[in-house]
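Reading the structure
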Amino acid sequence: MRVRFNGNLMESSRQDIVDFIVKETPLEPAEAADIIETPPDSSRGDLALPCFKLAKALRNKPVVIAEDLAAAFQPTELVESALATGPYLNFRLARTPFLKAALEDPAAPTHDGDGRTIVLDYGSPNISKHLAYHHLRTLSIGFSLKRIFDQLGYRTVGINHLGDWGTTHGKLLAAWKMWGEGIDLTEDGVTKLNELYVRFNQEGAKEDGQDWFRRLEQGDAEARALWEQFREISLAEFDEVFSMLGVTFDVMKGESHYADLAEDAIRRVEATGLDEISEGAQVVMLTDLDMPPFFLRKADGATVYGTRDLAAVFDRYELYEFDRCIYVVDMGQSLYFKQLFAVLERMGLPYAGRVEHVSFGIVRFGGKKTGSRTGNVVLLREVVTEAIERIRAIIEDKNPDLADKEGVARAVGVGALLFSDLSAKRVKDVEFVWEDVLTFEGHTGPYLQYTHARCASILRKAGEDVGDDADLSLLTLPEEWELAKVLARFTDRVRIAARDAEPSVISQYLLLLAETFSRYYNLGNENPELKVLAPDPAARAARLALVGGVRDVLARGLFLLGMKAPEEM
RNA sequence: GCCCUCGUAGCUCAGUGGAUAGAGCACCGGUUUCCUAAACCGGGUGUCGCAGGUUCGAAUCCUGCCGAGGGCGCCA
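How each quantity is defined
Residues numbered from 1 in each chain as written. Chains lettered and ligands numbered in written order. Predicted model: local features only at pLDDT ≥ 70, side-chain atom pairs only at ≥ 80, totals over all residues. Heavy atoms only, no water. Helix = DSSP H or I, 4+ residues; strand = E, 2+ residues; numbered from the N terminus. Buried < 20%, exposed > 50% of the residue type's maximum accessible area, 1.4 Å probe, protein only. Areas by Shrake-Rupley, 256 points an atom, 1.4 Å probe, with all protein chains shown as cover. Lys, Arg positive; Asp, Glu negative; His and termini not counted. Charge placed at Lys NZ, Arg CZ, Asp CG, Glu CD. 1 Å grid on protein atoms, 1.4 Å probe; cavity = no way out; pocket = protein on both sides within 12 Å on 5 of 7 lines; lining within 4 Å. Points joined across faces, edges and corners; volume = space filled by probe spheres on them. Salt bridge = Lys/Arg side-chain N within 4 Å of Asp/Glu carboxyl O. Expected span 1.5 Å × (residues − 1). Arc of directions from axis to C-beta. Near = heavy atom within 4 Å. Polar contact = N/O pair within 3.5 Å; in protein donor to acceptor, adjacent residues only side chain to side chain. Nonpolar A, V, L, I, M, F, W, Y, C, P; charged D, E, K, R; others polar. Axes fitted to C-alpha atoms, helices over the stretch in contact; angles between N-to-C directions. Parallel < 35°, antiparallel > 145°, perpendicular 65-115°, else oblique. Left-handed = near helix turned anticlockwise from the far one by under 90°. Contact = heavy atoms within 4.5 Å. Pairing = 2+ DSSP bridges.

This part covers the overall build of chain A. Scanning chain A from N- to C-terminus turns up 21 helices and 14 strands. Here chain A holds 569 residues, and the buried ones make up 52% of them. Looking at chain A as shown, the accessible area adds up to about 25,500 Å², and 48% of this sits on carbon and sulfur atoms. Charge separation in chain A, taken as the distance between the mean sites of 66 positive and 90 negative side-chain charges, equals 3 Å.

So, in structure tokens, the structure goes:
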């Protein structure tokens, strides 16, 4: 009986309806599939066909068409009935087969991406600066996308393209030579380096920075040794924060890795004849696209980040033959990425269309854009530490006997931050407000984790009572049906999240799932017979199967957002 | 000046061209012998920035305008 679902349940039910429409109307299958929708109010039905578009072809009023179609409808194994409501034809799905399929491992990974690779460039902070709160965006979005593509069976490569090369680092070397020698970097080295950098931007001479970067690029021993020291200090600091957040990478290849390959990249561009010299610099002109030139080499002979980004994308394609190469970088760099992609296009590279800039909104603090350059930052580790501290206090208050208090505090504190960053569409700007980030009620990460813990708790108490031979036809409450329908949408939502590179699709879905479950769960407070752990063993078994599905999907969904799902909290 | 993005309830945000535009927060009230109250239920809010256009139908698509943010040749 469940063979027909073929992994996508809603689709099979839809197919029956499509077949029916094709038989009864002049619509092509694709058109029919396209206009089927979900009724706004579930009590009307499970799927609906608006009949407006049919009016012309059938030369009749939509209301009459709906009635005629309702009369012509023959129930199928999956679609139980069709009822006309005004110009709409509302279909009701057969409950038991649907429930059976919906509860059969609803969180299971798919094979959509078998044999294909997604490269994700996220994080990518600059060394000698702290990770600030605004870095959370690229980290949370990038890491979540990696897990979303993993869920669909793609091979993913998460790359930390460290900002460890360029004039910026020449400035730091210059600053160090002027004011830094003798400073002890063993303690809080990043702070001290960043102070030097900020001071240089105020008092230093740009030329000194450029000069030191040139020395670095030419392999000057002193410059190289200092740079390596600064880099090590920064990496140690980054690792600590990444580990607090639970964010990982597969590859850490900074810009410095491409320093030598940059010359090769320039030669490849030269081979296409696209480059020219403009005002002493070597560039690719993009005037016809109304864009400024793309720089390969500055007038002083040094390469720029764009040169190294070219080298990196060549390297990535050679290594991974990616299907998509995604740069998770704020929208302030949109123009730059357009230029970079335009150069790839002009070079005639077959994968030019597979690179994309997944942008996100700006983070503000105190109404102003945050940025290490301006010094308007809140340290990321400080925010994480505070969030965990707050959760710790809540646990002491509500559940002081909890087994792994520290572990749960970290999971929930970090989860709150990740979720607050991933719940709105990434295009939205973020205003950092302490009290907003430290909110744990309502549409928050802890709410989802709490709902998950409730499910886990029920299943734990049920113990051995959880069987797979439950009679799902006993799930007759409207709330149970709603819940099953939401569960069945999970994989579809994951696909959309991947297609749009938009983790908030998962966030919004999980909120809906948690709310639908909570409403159901609370019925038991009014009426003990409606509890999951009901007196009737058969009803209990069926409900446990449902709750098991909710638990699995919540756990998996949280995982896709980079969050943990504690069993108790 | 030019280009990009955004504009939905007091605030933060949902809303595959379709039925009465929905949540959370905040405010008021209610629910706990129970599977954990980080929860649930009830109470009221909207010129969907403005003006046109396309469509049987527009918060959604197109154009213009207004407002906010970001970007615009040698930083990353």
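On inspection of all chains with the given rule, the structure shows 1 cavity of 30 Å³ or more. Estimated volume of the largest cavity: approximately 40 Å³. Looking at the largest cavity, the residues that line it are Ile 127, Ser 128, Lys 129, Thr 168, His 169, Leu 172 and Tyr 197. The element best represented in the lining of the largest cavity is helix 7 (residues 167-180), accounting for 3 residues.

The next subject is the pattern of salt bridges. Taken as a whole and judged by the stated rule, the model has 36 salt bridges. Connected through shared salt-bridge partners, Lys 177, Glu 181, Arg 215, Asp 220 and Glu 222 make up one network.

For the rest of this paragraph, the subject is the environment of Gln 74. Tracing the chain through its elements places Gln 74 in the loop between helix 4 (62-72) and strand 2 (79-85). By relative accessible area, Gln 74 is classed as exposed at 55%.

Now for helix 8 (residues 189-203). Working note: α-helix, 3.6 residues per turn, so residues spaced by three or four point in the same direction. Over its 15 residues, helix 8 runs 21 Å from end to end, which matches the ideal 21 Å to within 8%, given 1.5 Å per residue. Listed as buried for helix 8 are Gly 189, Val 190, Leu 193, Asn 194, Leu 196, Tyr 197 and Phe 200. One face of helix 8 carries all of its buried residues, which in axial projection span an arc of 155 degrees. For helix 8, the exposed residues lying more than 90 degrees away from the buried face are Glu 195, Gln 202 and Glu 203.

As a further point, take the protein's contact with RNA strand B. Residues in close proximity to RNA strand B total 69 residues, the closest being Tyr 88, Tyr 305, Lys 398, Arg 454 and Tyr 521. Here RNA strand B approaches the protein such that, of its atoms within 4 Å, sugar and phosphate make up 58%. Taking Glu 279, its main chain carries an N or O atom lying 2.6 Å from a base nitrogen of RNA strand B. Within the backbone of Asp 429, one N or O atom sits 3.5 Å away from a phosphate oxygen of RNA strand B. Mapped onto the surface near RNA strand B, the elements with two or more residues apiece are strand 3 (88-93), helix 7, helix 9 (206-217), helix 12 (305-320), helix 13 (334-346), helix 14 (380-398), helix 17 (445-462) and helix 20 (504-526). Per-element accounting of the surface near RNA strand B gives the leading share, 9 residues, to helix 20.

Approximately 1,500 Å³ is the volume attributed to the largest pocket. Taken together, 46 residues make up the lining of the largest pocket; nearest its centre are Asn 126, Lys 129, Asp 330, Gln 333 and Arg 373. Per-element tally for the lining of the largest pocket: the top contributor is helix 7, with 4 residues. Grouping the constituent residues of the lining of the largest pocket by class yields 13 nonpolar, 21 polar and 12 charged. Computed from the structure, the second largest pocket encloses a volume of approximately 780 Å³. What lines the second largest pocket is a set of 29 residues, and nearest its centre among them are Lys 398, Tyr 450, Ala 453, Arg 454 and Met 569.

In helix packing, the relevant descriptors are the interaxial angle and the interaxial distance, both defined with respect to the helix axes. With their axes 10 Å apart at the nearest point, helix 20 and helix 21 (residues 537-560) run at an angle of 155 degrees to one another. When the axis of helix 20 is compared with that of helix 21, the two are roughly antiparallel. Crossing of helix 20 over helix 21 shows left-handed handedness. Contacts between helix 20 and helix 21 pair Ile 506, Tyr 509, Leu 510, Leu 513, Phe 517 and Tyr 520 from the former with Arg 543, Leu 546, Val 547, Val 550, Val 553, Leu 554, Gly 557, Leu 558 and Leu 560 from the latter.

Attention shifts here to the pairing of strand 8 (residues 281-284). Where burial is concerned, the two faces of strand 8 agree: the one with Ala 281 and Val 283 and the one with Gln 282 and Val 284 are both buried. Strand direction decides the pairing type here: strand 7 (residues 275-278) and strand 8, joined by 4 bridges, are antiparallel. Each bridged residue has a counterpart across the sheet, and for Asp 275 the counterpart in strand 8 is Val 284. What sits between the antiparallel neighbours strand 7 and strand 8 is a turn of 2 residues, in which Glu 279 has the positive phi angle 50 degrees.

What follows deals with the side chain of Glu 502. Its location among the elements puts Glu 502 in the loop between helix 19 (490-499) and helix 20. Within the buried set, Glu 502 has no salt-bridge partner at all; the shortest N-O distance to an opposite charge, 4.1 Å, is to Arg 426. Excluding residues within four positions of it along the chain, Glu 502 makes contact with Leu 145, Lys 425, Arg 426 and Ala 497.

A word on the sheet that holds strand 8. Across the sheet, which stays open at both edges, the 3 strands sit in the order 7-8-9 with antiparallel pairing between neighbours. The two strands at the open ends of the sheet, each matched to only one other strand, are strand 7 and strand 9 (294-297). Strand-to-strand twist of the sheet, defined as the mean angle between neighbouring strand axes without regard to direction, takes the value 45 degrees. On top of the sheet, helix 11 (residues 261-272) reaches strand 7, strand 8 and strand 9; it is set at about 120 degrees to strand 9, its chief contact.

Further remarks concern the pairing of strand 1 (residues 47-50). Every second residue of strand 1 is oriented toward a common face, with Leu 47 and Leu 49 on one face and Ala 48 and Pro 50 on the other, all of them buried. In this sheet, strand 3 lies alongside strand 1 in antiparallel orientation, the contact comprising 4 bridges. Within strand 3, the residue paired with Leu 47 across the bridge is Phe 91.

What follows deals with the sheet that holds strand 14 (residues 430-432). The 3 strands lie next to each other as 13-12-14, forming an open sheet whose pairing is mixed. Bordering the open sheet on either side are strand 13 (368-369) and strand 14, each of which pairs with just one other strand. Summarising the sheet, strand 12 (residues 363-365) and strand 13 pair through 2 bridges and their orientation is antiparallel. Bridging from a neighbouring strand, Phe 365 pairs with Lys 368 of strand 13.

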